[in-house]
Amino acid sequence: MIKEAVITFLMAMVPVVELRGAIPYGVLAGLSVPAAFVLAVLGNLAPIPILVVFTRKVFEWLRTKSEGLDRMVSRLEAKAEKNKEVVERYEFWGLVVLVAIPLPGTGAWTGALVAAMMDMRLKRAMPAIMLGVLIAGVIVTTLTYGVDALL
């Protein structure tokens, strides 16, 4: 069971997959729904402080390494720019909603990217991202296993 728990935690750290894939994986691998939920939420949140604090510096460094990396950074910045308007308009709650909607193109990684591009301080961004991840976890768990699974 340790192996399944570690894989669930690590899977939730992966962009795009995040807890949308980690919760179902954990349950299918034999974990209880609450255990899969907790591991996926913690795994999803684990890289967020690093992303919020260091994304801009890493992007600056990547731009100097190759044209391909520069194009990749430009695409990521455009993605953040597209989502930035909601966060700027609604601030804390905009970031919560951006992270909470469990669809591709949203989630903790996108929220962290937007927060970094807005030069948002970690102590301001982290609570909104945490709340959004919890809400996304509840949505994914409820849609996948029903309301009773959360109790």
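So, a few notes on the structure that sits alongside this text. The model shown is predicted, which means the values in this text are computed figures rather than measured ones.

### Overview of a nonpolar patch on the surface
A cluster of nonpolar side chains, namely I50, V53, F54 and V58, defines an oily patch on the protein surface of about 350 Å² accessible area. The class of I50 is exposed, set by a relative accessible area of 55%.

### As for helix α6 (residues 108-117)
α6 sits mainly inside the fold: nine of its 10 residues count as buried. Taken as a whole, α6 has its buried residues at A108, T110, G111, A112, L113, V114, A115, A116 and M117. In the core, the buried residues of α6 are packed alongside α2 (18-28), α3 (33-45), α4 (48-63), α5 (67-100) and α7 (122-145). Immediately beyond the C-terminal end of α6, within one or two residues, lies D119, with a positive phi of roughly 55°.

### What about the layout of surface pockets?
By volume, the largest pocket is sized at about 300 Å³. Around the largest pocket sit 18 residues that line it, and P15, L76, W109, T110 and L113 are the ones nearest its centre. If you list the elements that add at least two residues to the lining of the largest pocket, you get α2, α4, α5 and α6. Among the residues forming the lining of the largest pocket, the class breakdown is 11 nonpolar, four polar and three charged.

### Quick look at unusual backbone geometry
We note that V16 has phi near 75°; this positive angle belongs to a residue other than glycine. Mapped onto the elements of the fold, V16 is located in the loop between α1 (2-12) and α2. Using a relative accessible area of 60% as the deciding quantity, one classes V16 as exposed.

### Concerning the packing of α2 against α7
It is at 9 Å that the axes of α2 and α7 come closest, and there the two elements cross at 50°. One element, α2, and the other, α7, form an angle in the oblique class. The way α2 lies across α7 gives a crossing that is right-handed. The segment α2 lies against α7, with L19, R20, I23, P24 and V27 engaging V133, A136, G137, V140, T141, T144 and Y145. The residue makeup of the contact of α2 with α7, split by class, is eight nonpolar, three polar and one charged.

### Some remarks on the environment of F92
Locating F92 in the fold gives a position in helix α5. Contacts of F92, omitting those with residues within four sequence positions, involve P127, A128 and L131.

### What to know about the pattern of salt bridges
Going through the model one piece at a time under the given rule, you end up with six salt bridges. The closest approach of N and O atoms between R71 and E67, which form a salt bridge, is 3.9 Å. Of this pair, R71 and E67 both sit in helix α5, four residues apart, which is roughly one turn of that helix. Here the residues in one salt-bridge network are R63, D70 and E77, joined through shared partners.

### What about the side chain of T110?
Within the secondary structure, T110 sits in helix α6. Residues in contact with T110, not counting those within four places in the same chain, are K79, N83, L98 and G105.

### Some remarks on the nonpolar core
L19, I48, V52, L95, A125, I129 and V133 are the most contacted members of the largest nonpolar core, which totals 34 residues. Counting only elements with at least two residues in this core, the list comes to α2, α3, α4, α5, α6 and α7. Apart from residues lying up to four places away in sequence, A125 is in contact with V52, L95, A115 and M120. Listed in part, the six residues of the second largest apolar core include A5, L31, A36 and A149.

Calculation notes
Residues numbered from 1 in each chain as written. Predicted model: local features only at pLDDT ≥ 70, side-chain atom pairs only at ≥ 80, totals over all residues. Heavy atoms only, no water. Patch = residues over 30% accessible without salt bridge, like charges linked within 9 Å, V, L, I, M, F, W, Y side chains within 5 Å. Areas by Shrake-Rupley, 256 points an atom, 1.4 Å probe, with all protein chains shown as cover. Salt bridge = Lys/Arg side-chain N within 4 Å of Asp/Glu carboxyl O. Buried < 20%, exposed > 50% of the residue type's maximum accessible area, 1.4 Å probe, protein only. Helix = DSSP H or I, 4+ residues; strand = E, 2+ residues; numbered from the N terminus. Contact = heavy atoms within 4.5 Å. 1 Å grid on protein atoms, 1.4 Å probe; cavity = no way out; pocket = protein on both sides within 12 Å on 5 of 7 lines; lining within 4 Å. Points joined across faces, edges and corners; volume = space filled by probe spheres on them. Nonpolar A, V, L, I, M, F, W, Y, C, P; charged D, E, K, R; others polar. Axes fitted to C-alpha atoms, helices over the stretch in contact; angles between N-to-C directions. Parallel < 35°, antiparallel > 145°, perpendicular 65-115°, else oblique. Left-handed = near helix turned anticlockwise from the far one by under 90°. Core = buried A, V, L, I, M, F, W, Y, C linked by side-chain atoms within 4.5 Å.

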